[in-house]
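A closer look at the structure
In case you want the letters, here they are:
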Amino acid sequence: MISMKRILTLALASLLTACTSQISINDVLPQQELDRTIYLRGDFTLWDAEPQYQFAPVGPALYQAEVKFSTPGKVYEFKIADADFSEGYNCGYSDSQPAGQSLTLGQPAIADCNTIYNYFSFTPAIKGTYIVSIDYSDYDKPQVTITKK
């Protein structure tokens, strides 16, 4: 007959063995890396791909670009796209969004990266530098967010 002490020892050993396996953040979050450079392109760049509006990776599947909006109350229009507005890299608002093209500060919006005409719009309340983020954690439904720096 197995003693209670031996059962507890085996249970404790099993528990400790299970605790030694480590899970890193990279096991939980996707490692979606883009295979090309993407830009913030809008009326403020004459829709050109300019180096100062290039997105940079800031975390797993997360990219950001900065932009200065100098006219409060003005509607700024933009997309997130590669140099050629290529299919899959031409991101504007998704028709599935009830709010449409207008972004609200700090509120993520689903992007459609196969759109031709659907650009985002944002109307800043105050002038300053803003950060536009695109999160590819769900590659089929990337999310775009704008925040004040």
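See the structure above.
Residues numbered from 1 in each chain as written. Predicted model: local features only at pLDDT ≥ 70, side-chain atom pairs only at ≥ 80, totals over all residues. Heavy atoms only, no water.

Moving on to the state of the cysteines. The full count for this structure, using the stated rule, is 1 disulfide. The side chain of Cys 91 participates in a disulfide bridge whose partner is Cys 113; the two sulfur atoms lie 2.0 Å from each other. Taking the torsion about the sulfur-sulfur bond, which here is approximately 105°, the covalent link between Cys 91 and Cys 113 counts as right-handed. Residue Cys 91 is found in strand β5 (residues 90-93), and its partner Cys 113 is found in the loop between β6 (109-112) and β7 (120-122); the two are separated by 22 residues along the sequence. Overall, the relative accessible area of 1% leaves Cys 91 in the buried class. Looking at Cys 113, the relative accessible area reads 10%, which means it is buried. (Disulfide = S-S within 2.5 Å. Helix = DSSP H or I, 4+ residues; strand = E, 2+ residues; numbered from the N terminus. Buried < 20%, exposed > 50% of the residue type's maximum accessible area, 1.4 Å probe, protein only.)

Inspection of the entire model under this criterion finds 11 aromatic pairs. Members of the aromatic cluster, each reached through a chain of ring pairs, are Phe 44, Tyr 53, Phe 69, Tyr 76, Phe 122 and Tyr 130. We note Arg 36 situated over the ring of Tyr 89; from NZ or CZ to the ring centre the distance is 3.8 Å. Directly above the aromatic system of Tyr 130 lies the positively charged group of Lys 148, at a separation of 5.3 Å from the ring centroid. (Phe/Tyr/Trp six-rings, centres within 6.5 Å; stacked < 30°, edge-to-face > 60°. Lys NZ or Arg CZ within 6 Å of the ring centre and 35° of its normal.)

One non-glycine residue, Leu 46, lies in the positive phi region at around 55°. Within the secondary structure, Leu 46 sits in the loop between β1 (39-42) and β2 (56-59). The phi dihedral of Trp 47 falls on the positive side, at around 65°, and the residue is not glycine. Examined against the element boundaries, Trp 47 turns out to sit in the loop between β1 and β2.

We now examine the nonpolar core. Within the largest apolar cluster, 28 residues are counted, with the highest numbers of intra-cluster contacts made by Leu 40, Phe 55, Ile 80, Val 132, Ile 134 and Tyr 136. Broken down by secondary-structure element, the contributors of at least two residues to this core are β3 (62-69), β4 (76-81), β5, β6, β7, β8 (128-135) and β9 (143-148). Ranked by residues supplied to this core, first place goes to β3 with 4 residues. (Core = buried A, V, L, I, M, F, W, Y, C linked by side-chain atoms within 4.5 Å.)

What follows concerns the side chain of Ser 133. Counting through the fold element by element, Ser 133 comes out in strand β8. What makes Ser 133 buried here is its relative accessible area of 10%. Within the structure, the side chain of Ser 133 is placed 3.1 Å from the side chain of Gln 64, a separation counted as a polar contact. Setting aside its immediate chain neighbours within four residues, Ser 133 contacts Leu 62, Tyr 63, Gln 64, Gln 143, Val 144 and Thr 145. (Polar contact = N/O pair within 3.5 Å; in protein donor to acceptor, adjacent residues only side chain to side chain. Contact = heavy atoms within 4.5 Å.)

In this section: the pairing of β1. Residues Tyr 39 and Arg 41 point to one face of β1 and Leu 40 and Gly 42 to the other, with burial holding for every one of them. One ladder, built from 4 bridges, connects β1 with β4; its direction is antiparallel. When the bridges of β4 are listed, Tyr 39 appears paired with Ala 81. (Pairing = 2+ DSSP bridges.)

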